[in-house]
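Each chain, letter by letter, is given below.
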Amino acid sequence: MTKPATAATIDTLFVTHLYRAALAAREARPLNADLEACARSLAVDDEAGIAWSKANGYPGYTSYASLDDLPWRFPAFAELVDHLDGHVSAFAKVLELDLGGAKLVLDDIWVNILPPGGFHGSHLHPHAVVSGTYYVAVPKGAAALKIEDPRLAMMMAAPPKRQRAAMQNRSFVTIAPKPGTLLLWESFLRHEVPLNQGEDDRISVSFNYRWG
């Protein structure tokens, strides 16, 4: 017979944070309308982005490898960056980063249009500190964000987690955003976008912040 455990102390170490925020509806609705219009325009006019998406098997369209000046091109993106800067600064404080008098600055920002049936495989964002996504259009049934425990590859002999395990103990966590949702995470965190089972495009804006 197993004896009851004696009193013990359990510390929580090496926490992985996910920052969630939402723009107020009065701000998000007009901003999202402008961002969606810009995104759909780019998906037609950005020949380099269209070609890169096809060549790299990205379903739909992304400006990831073609345009690096969206806030200069479109006022809507400049407005979004104003919001992002404040949230990233707040997240850096939560992470207790010692920035040495510098700050986290926007390094790149890009549009993603994921059509029905599209998905984005597991990946991370090297050479950045904080990454994130702002959600412009999330139709019913559209793909959520699936996040992987960064220790997973080192748990070779670990048993699976219980079906109803607490969020902080799971190997994967799925987040279902809404239009106007902002998610931030440290850039080493591997994530993916599962199959879009909605009937319309999922539109988002992703970005990286670097230390500088």
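Details of the structure are given in the entry above.
Remember, it's a predicted structure, so these values are computed and weren't measured experimentally. (Residues numbered from 1 in each chain as written. Predicted model: local features only at pLDDT ≥ 70, side-chain atom pairs only at ≥ 80, totals over all residues. Heavy atoms only, no water.)

A tally of helices and strands in the protein chain yields four helices and ten strands. The helix and strand sequence of the protein chain, counted from the amino end, reads β-α-α-β-α-α-β-β-β-β-β-β-β-β. Principal axes of the C-alpha set define a box for the protein chain whose edges measure 70 × 45 × 35 Å. Restricting to contacts in the protein chain with at least 6 residues of sequence separation, those with at least 24 account for 86%. Carbon and sulfur atoms make up 54% of the accessible area of the protein chain, which totals about 12800 Å². Counting 20 positive and 23 negative side-chain charges, the protein chain places the averaged centre of each group 12 Å from the other. (Helix = DSSP H or I, 4+ residues; strand = E, 2+ residues; numbered from the N terminus. Contact = heavy atoms within 4.5 Å. Areas by Shrake-Rupley, 256 points an atom, 1.4 Å probe, with all protein chains shown as cover. Lys, Arg positive; Asp, Glu negative; His and termini not counted. Charge placed at Lys NZ, Arg CZ, Asp CG, Glu CD.)

We now examine the pattern of salt bridges. Scanning the entire structure with this criterion turns up five salt bridges. Notably, a salt bridge pairs Glu 36 with Arg 40, separated by 3.1 Å at the nearest N-O pair. On the criterion of helical spacing, the pair formed by Glu 36 and Arg 40 is a turn pair, its members being four residues apart in helix α1 (residues 25-45). Given the relative accessible area of 25%, Glu 36 is considered partly exposed. For Arg 40, the salt bridge goes to Asp 201, with nearest N and O atoms at 2.9 Å. Placement of Arg 40 in helix α1 and of Asp 201 in the loop between β9 (191-193) and β10 (202-211) is noted, with a sequence separation of 161 residues between them. Assessed through its relative accessible area of 15%, Asp 201 is described here as buried. Taken together, the salt bridges that share partners define one network made up of Glu 36, Arg 40 and Asp 201. (Salt bridge = Lys/Arg side-chain N within 4 Å of Asp/Glu carboxyl O. Buried < 20%, exposed > 50% of the residue type's maximum accessible area, 1.4 Å probe, protein only.)

One non-glycine residue, Phe 14, adopts positive backbone phi at about 55°. Structurally, the position occupied by Phe 14 is in the segment before β1 (18-22). Its relative accessible area of 79% is what places Phe 14 among the exposed residues. Even without being glycine, His 127 reaches a positive phi, approximately 65°. Along the polypeptide, His 127 turns up in the loop between β4 (120-123) and β5 (130-137). A relative accessible area of 76% means that His 127 is categorised as exposed.

An order of β1-β8-β5-β10-β3-β2 is seen for the six strands of this open sheet, with the pairing classed as antiparallel. Edge strands, defined here as strands with exactly one partner in the open sheet, are β1 and β2 (61-62). As defined by bridge partners, β5 adjoins strand β8 (residues 181-186) across five bridges and the pair is classed as antiparallel. Along β8, the bridge assignment pairs Gly 132 with Leu 184. The sheet contacts of α1 involve β2, β3 (104-114), β5 and β10, and relative to β5 the element is tilted by about 95°. (Pairing = 2+ DSSP bridges. Axes fitted to C-alpha atoms, helices over the stretch in contact; angles between N-to-C directions.)

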